[in-house]
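# Residue-level structure breakdown
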Amino acid sequence: KAGVTQTPRYLIKTRGQQVTLSCSPISGHRSVSWYQQTPGQGLQFLFEYFSETQRNKGNFPGRFSGRQFSNSRSEMNVSTLELGDSALYLCASSFEAGTAYGYTFGSGTRLTVV
Amino acid sequence: AQSVTQLGSHVSVSEGALVLLRCNYSSSVPPYLFWYVQYPNQGLQLLLKYTSAATLVKGINGFEAEFKKSETSFHLTKPSAHMSDAAEYFCAVSGGSYIPTFGRGTSLIVHP
């Protein structure tokens, strides 16, 4: 069974640019959540999608957005990049919305903003 | 509201020694509790979870955790550390909102 696939693994972007990250969940999983991981703030919740609907959103500015497609694949977009957006972005899939089942995480996308 | 506190950002043990990683939580509703492990340059992997069944939960790689409601704790243990256990460990709590809150992580260092 394939795991959670995140692409690309590494990205270097310039301040002011925008970026799109992709996540393909485990087959059959309908819930996809996104987290930002930094040494200073730890793991911070960005958003959760279930059946193409955003069910929950974390405390991030509107520059951070996401969507989920009918095949459960998800993308997140960050516009007008700032240096502080440099982080490991993790996608997590789950069978159902909510986390009683626990997450399966991808390996992440390492974003560096210069 | 829910929160997680992991005591000790770094824990150092010798190979073969007992591993004890501490996690205390707060939750306004009966919680789900999780331990995850993260190896360098990888995502998090679920080690074990408590979902209101048995209070002693066994996970992968020989780890286990005990849910103690009176102490609001969910400490992770392993009887004998192996070099391959060196990693970052995260405790997470999920209460009524179901969106989990993660602790800041504990780095486990295993000495030969």
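Note that the coordinates shown come from a computational prediction; the quantities given were computed from them, not determined experimentally.

### Describing the pairing of strand S3 (residues 19–24) of chain A
For a regular strand, side-chain orientation follows a simple rule: the groups alternate between the two sheet faces. Residues and elements named next belong to chain A. Two elements, strand S1 (residues 5–7) and S3, share 3 bridges in a ladder whose sense is antiparallel. Paired with Thr-7 across the two strands is Ser-22, which belongs to S3. Relative to strand S8 (residues 74–78), S3 runs antiparallel, the two being bridged by 5 bridges. Of the residues in S8, the one forming a bridge with Thr-20 is Asn-77.

### Digging into the interface of chain A and chain B
Interface size is commonly expressed as the accessible surface area that is lost when the partners come together. Taken residue by residue, the interface counts 23 residues in chain A and 18 residues in chain B. Across the chain A-chain B interface, the total number found is 5 residue pairs in polar contact (both at pLDDT 80 or more). Every element with two or more residues in the side of chain A that touches chain B is listed here: strand S4 (31–38), strand S5 (42–50) and strand S9 (87–94) of chain A. The element contributing the most residues to the side of chain A that touches chain B is S5 of chain A, with 4 residues. Taken together, the residues of the side of chain A that touches chain B sort by class into 11 nonpolar, 10 polar and 2 charged.

### Quick word on the sheet that holds S1 of chain A
Residues and elements named next belong to chain A. One open sheet holds the 4 strands; their spatial order is S1-S3-S8-S7, and the pairing between them is antiparallel. The strands lining the two open edges of the sheet, one partner per strand, are S1 and strand S7 (64–68). Between one strand and the next, the sheet's axes are offset by a mean angle of 15°, whatever the strand orientation.

### Things to note about the nonpolar core
Within the largest apolar cluster, 26 residues are counted, with the highest numbers of intra-cluster contacts made by Trp-35, Leu-48, Phe-74, Leu-76 and Tyr-89 of chain B. Of all the secondary structure elements, the ones that give two or more residues to this core are strand S2 (10–14), strand S3 (19–27), strand S4 (32–38), strand S5 (44–50), strand S7 (64–68), strand S8 (73–78), strand S9 (87–94) and strand S11 (106–111) of chain B. In this structure, Ile-26, Trp-34, Leu-46 and Leu-111 of chain A belong to the second largest nonpolar core, which totals 21 residues.

### Quick notes on the sheet that holds S3 of chain B
Note on sheets: strands pair through backbone hydrogen bonds, and any given pair is parallel or antiparallel. Residues and elements named next belong to chain B. Strand order in this open sheet of 5 strands is S1-S3-S8-S7-S6, and the pairing throughout is antiparallel. Two strands lie at the open edges of the sheet, namely strand S1 (2–7) and strand S6 (56–58), each paired on one side alone. Within this sheet the neighbouring strands show an average axis-to-axis angle of 20°, counted without direction. Of the pairings in the sheet, the one linking S1 to S3 comprises 6 bridges and is antiparallel in character. Looking across to S3, one finds that Val-4 is bridged to Tyr-25.

### Thoughts on the state of the cysteines
All names here are of chain A. For the structure on display, the rule yields 2 disulfides over all chains. A sulfur-sulfur distance of 1.8 Å marks the disulfide that ties Cys-23 to Cys-91. Classification of the bridge connecting Cys-23 and Cys-91 rests on its S-S torsion, roughly -55°, and on that basis the disulfide is left-handed. Of this pair, Cys-23 sits in strand S3 while Cys-91 is found in strand S9, placing the two residues 68 residues apart along the sequence. Given the relative accessible area of 0%, Cys-91 is considered buried.

Reading guide: rules and limits
- Residues numbered from 1 in each chain as written.
- Chains lettered and ligands numbered in written order.
- Predicted model: local features only at pLDDT ≥ 70, side-chain atom pairs only at ≥ 80, totals over all residues.
- Heavy atoms only, no water.
- Pairing = 2+ DSSP bridges.
- Helix = DSSP H or I, 4+ residues; strand = E, 2+ residues; numbered from the N terminus.
- Contact = heavy atoms within 4.5 Å.
- Polar contact = N/O pair within 3.5 Å; in protein donor to acceptor, adjacent residues only side chain to side chain.
- Nonpolar A, V, L, I, M, F, W, Y, C, P; charged D, E, K, R; others polar.
- Axes fitted to C-alpha atoms, helices over the stretch in contact; angles between N-to-C directions.
- Core = buried A, V, L, I, M, F, W, Y, C linked by side-chain atoms within 4.5 Å.
- Buried < 20%, exposed > 50% of the residue type's maximum accessible area, 1.4 Å probe, protein only.
- Disulfide = S-S within 2.5 Å.

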